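Per-entry structural report
Each chain, written out:
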Amino acid sequence: MISRDVTVKNNVGLHARPATFFIQKANSYKCSIWVEKDDRRVNAKSLLGVLSLGIVNGMTITLIADGADEKEAVDGLTELVDTGFNE
C-alpha cells in the first residue's frame, strides 16, 4: 500500500469535469485506489464518491493505492492533480 498527500490547485476543485478526468484515470489502473479527506475515505473510481467529498481549490487530499500498479497509480493521479486537470 502506498499513499501520498496532494493539494488540489485548479479553480473549481474536484467537481464535474475535473472529477470525470480523475475517475477515468483511476479506472485505468488495476489496483484499488481511495481518496481520503479529513476522516472520510471513498473509492477513487466512483464519481459519486469523489464528488461527495466536496473537494475545492487549495484542499489537501490523500491518495491511497493498493495492488500491483499502486506506485504508477499514485504517480499518475498526483500528476493529474498537480497539472490542474489540464485546465
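For the structure itself, look to the data block above.
We now turn to the structure provided with this report. (Residues numbered from 1 in each chain as written. Predicted model: local features only at pLDDT ≥ 70, side-chain atom pairs only at ≥ 80, totals over all residues. Heavy atoms only, no water.)

Observations concerning unusual backbone geometry
Phi at Ala16 is positive, roughly 40°, even though this residue is not glycine. The phi dihedral of Asp38 is positive, around 55°, even though this residue is not glycine. Tracing the backbone through its elements, the reader meets Asp38 in the loop between strand 2 (32–37) and strand 3 (40–43). Residue Asp38 is classed as exposed on the basis of its relative accessible area, which comes to 69%. (Helix = DSSP H or I, 4+ residues; strand = E, 2+ residues; numbered from the N terminus. Buried < 20%, exposed > 50% of the residue type's maximum accessible area, 1.4 Å probe, protein only.)

Focus on the sheet that holds strand 2
The strand order 1-4-2-3 describes an open sheet built from 4 strands, whose pairing is antiparallel. Edge positions in the open sheet fall to strand 1 (2–7) and strand 3, since each of these has one partner strand only. Here the average twist between neighbouring strands, direction ignored, is 25°. For strand 2 and strand 4 (residues 60–66), the ladder comprises 5 bridges, and the chain directions are antiparallel. Bridge assignment links Glu36 to a residue of strand 4, and that residue is Thr62. Seen against the sheet, helix 3 (residues 70–82) touches strand 1, strand 2 and strand 4 and runs at an angle of roughly 0° to strand 1. (Pairing = 2+ DSSP bridges. Axes fitted to C-alpha atoms, helices over the stretch in contact; angles between N-to-C directions. Contact = heavy atoms within 4.5 Å.)

Focus: the environment of Asn57
The residue Asn57 is located in the loop between helix 2 (47–52) and strand 4 in this model. Note on Asn57: relative accessible area 40%, which makes it partly exposed. When the C-alpha positions of Asn57 and Ile33 are compared, they lie 21 Å apart, and in sequence the two are 24 residues distant. Those residues in contact with Asn57 that lie beyond four places of it in its chain are Val8, Lys9, Asn10, Asn11 and Gly13.

Here we look at the packing of aromatic side chains
Scanning the model with the defined rule gives 0 aromatic pairs in all. The ring centre of Trp34 lies 5.8 Å from the NZ or CZ of Arg41, which sits over that ring. (Phe/Tyr/Trp six-rings, centres within 6.5 Å; stacked < 30°, edge-to-face > 60°. Lys NZ or Arg CZ within 6 Å of the ring centre and 35° of its normal.)

Topic: helix 1 (residues 16–27)
Helix length check: helix 1 (12 residues) gives 16 Å between terminal C-alpha atoms against 16 Å at 1.5 Å per residue, within 8%. Among the residues of helix 1, Pro18, Ala19, Phe22, Ile23 and Ala26 are the ones counted as buried. End-on, the buried residues of helix 1 take up no more than an arc of 135°, which puts them together on one face. What points out from helix 1, more than 90 degrees from its buried face, is the exposed set Arg17 and Gln24. Against the buried residues of helix 1 lie strand 2, helix 2, strand 4 and helix 3. (Expected span 1.5 Å × (residues − 1). Arc of directions from axis to C-beta.)

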